[in-house]
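# Notes for the structure review
If you want the building blocks of each chain, they are given just below.
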Amino acid sequence: MMLAGLFAGILLIGLVVCDWLYFIRLTPDAIRYGCPVANKPDQWPGTRLASLSDRFTPEGLLMLPHGVAWFYPQLSQIAIRPQYRLFSRRFRTAWPVKGLIQLMPHDQSLNALCVKRMPWSSALMTLLWFALVLIGSLTFVVQYAMNKGFASFGGTLTGVAVMALAALVLAFGLVTVAFAYRLEDSRLMKVYDELREALDKPLSADTVIQFNASGNEQT
């Protein structure tokens, strides 16, 4: 049994690591991967889809101060995510967020819809944890009542104390998840704003030369 439990634990850790590694990739097959958590509709006035390629390298990459953007002209989409450094001093949570911006031409502007996603392992494990705490608490209350635990004053105090403890655990979990999501979402939105600023800036000759120099096969 111990060997089976150890193997299951190693397998679970391996699945979580693989899930995160695939989540942070910005390849065409991975940009749609992840659990959708929110949408941000926006409009980019004065921006045309045909001119976006000039802002990116020939490979479609645009490095930003706090993240990276990858443009896919054939899909009319831009994938963005914060930078994840191995030895970063910044606090990282278990709920990272990336975005996939879907672009739709409209008159002289672009309608943009940023779909925010987080790793499936983070979403599923969070839901599983809340479900276990909630179901476990309800099961205790039902069994405690069936065993006449609330028949006496002392038993009632014990039952109420246990339920209050379970409520505190749930509340602490909700606050933790909400704080972590707000933190990760603010990081993603900073990258989004940096992308908007980069696209709104006039395209200088130095920028064109720098982009062309990054693609040696095209120079």
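Note that the coordinates shown come from a computational prediction; the quantities given were computed from them, not determined experimentally.

To continue, consider the pattern of salt bridges. Scanning all chains against the criterion turns up four salt bridges. In this structure, the salt-bridge partner of Lys116 is Asp185, at a minimum N-O distance of 2.7 Å. Linking Lys116 in strand E6 (residues 109–118) with Asp185 in helix H3 (residues 153–200), this pair joins segments that are 69 residues apart in sequence. According to the relative accessible area criterion, Asp185 is buried, its value standing at 15%. A salt bridge links Asp200 to Arg196; the nearest nitrogen and oxygen atoms lie 3.9 Å apart. Of this pair, Asp200 and Arg196 both sit in helix H3, four residues apart, roughly one helical turn.

A separate point is the packing of helix H1 (residues 2–23) against helix H2 (residues 120–146). When two helices pack together, their arrangement is given by the angle between the helix axes and by the axis-to-axis distance. Relative orientation of the contacting elements H1 and H2 amounts to 135°, with a least axis distance of 8 Å. When the axis of H1 is compared with that of H2, the two are oblique. Seen from H1, the contacting residues are Val16, Asp19 and Trp20; seen from H2, they are Trp120, Ser121, Ser122 and Met125.

Each value, and the rule that gives it
- Residues numbered from 1 in each chain as written.
- Predicted model: local features only at pLDDT ≥ 70, side-chain atom pairs only at ≥ 80, totals over all residues.
- Heavy atoms only, no water.
- Salt bridge = Lys/Arg side-chain N within 4 Å of Asp/Glu carboxyl O.
- Helix = DSSP H or I, 4+ residues; strand = E, 2+ residues; numbered from the N terminus.
- Buried < 20%, exposed > 50% of the residue type's maximum accessible area, 1.4 Å probe, protein only.
- Axes fitted to C-alpha atoms, helices over the stretch in contact; angles between N-to-C directions.
- Parallel < 35°, antiparallel > 145°, perpendicular 65-115°, else oblique.
- Contact = heavy atoms within 4.5 Å.

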